[in-house]
Amino acid sequence: ERVVLTIGHGCIDAPDIELIACEISESIEHEQSRRNGESECGTLEELKIRAARKALEEENYNKSRAAKRLGIDRSTLDRILHQGI
């Protein structure tokens, strides 16, 4: 594959490269998720459950830290996870 860059100003500088690298990284992650059968689509409830599970996993199953990361109370996290059973 090839990448073609067009810049509206005279030259490509460091912020341009950082932005491009970030976009490429996100694109790769999205493609890997798609190949693994993960989808960003779903109902609001499904998205909430997925976000809760992901935060819980990333916080090594510590519910207090996962809830804090999501900006919700631990009891709310428990309720969301219970809906996903």
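Residues numbered from 1 in each chain as written. Predicted model: local features only at pLDDT ≥ 70, side-chain atom pairs only at ≥ 80, totals over all residues. Heavy atoms only, no water.

### Details of the overall build of the protein chain
When helices and strands are counted, the protein chain shows four helices and zero strands. Reading the protein chain from its N terminus to its C terminus gives the helix and strand order α-α-α-α. On C-alpha atoms alone, the protein chain measures out to a radius of gyration of 18 Å, which is more than a quarter above the 12 Å that the 2.2 N^0.38 rule sets for 85 residues. Projected onto the principal axes, the alpha-carbon positions of the protein chain cover approximately 55 × 25 × 20 Å. Across the 85 residues that make up the protein chain, the buried fraction comes to 14%. Look at the contacts in the protein chain between residues 6 or more apart in sequence, and 26% of them connect residues 24 or more apart. Carbon together with sulfur atoms contributes 52% to the accessible area of the protein chain, which is approximately 7,200 Å² in total. (Helix = DSSP H or I, 4+ residues; strand = E, 2+ residues; numbered from the N terminus. Rg over C-alpha atoms; globule rule 2.2 N^0.38 Å. Buried < 20%, exposed > 50% of the residue type's maximum accessible area, 1.4 Å probe, protein only. Contact = heavy atoms within 4.5 Å. Areas by Shrake-Rupley, 256 points an atom, 1.4 Å probe, with all protein chains shown as cover.)

### Some thoughts on helix α4 (residues 74–83)
Regarding α4, the residues found buried are L77, I80 and L81. Buried positions in α4, seen along its axis, are confined to an arc of 95 degrees and lie on one side of it. Contact partners of the buried residues in α4: α2 (44–58) and α3 (63–70). (Arc of directions from axis to C-beta.)

### Concerning the pattern of salt bridges
Throughout the structure, instances matching the rule amount to six salt bridges. Put simply, E59 and R65 hold a salt bridge, and the shortest N to O gap is 3.1 Å. Residue E59 is classed as buried on the basis of its relative accessible area of 18%. R65 gets classed as partly exposed once you look at its relative accessible area, which sits at 41%. (Salt bridge = Lys/Arg side-chain N within 4 Å of Asp/Glu carboxyl O.)

### Focus: the confidence of the model for the protein chain
For the protein chain, per-residue confidence averages 82 on the pLDDT scale, and residues scoring 70 or more make up 91% of the total. When pLDDT is averaged over each element of the protein chain, α3 comes out on top at 93 and helix α1 (residues 14–35) at the bottom at 76. (pLDDT = per-residue confidence, 0-100.)

### Here's the deal with the nonpolar core
Of all hydrophobic cores here, the largest spans nine residues; its members are I49, A52, A55, L56, A66, A67, L77, I80 and L81. Contributions of two or more residues to this core are made by α2, α3 and α4. Here the element with the most residues in this core is α2; it accounts for four residues. If we ignore the near neighbours within four places in the chain, the residues touching A55 are A66, R69 and L70. (Core = buried A, V, L, I, M, F, W, Y, C linked by side-chain atoms within 4.5 Å.)

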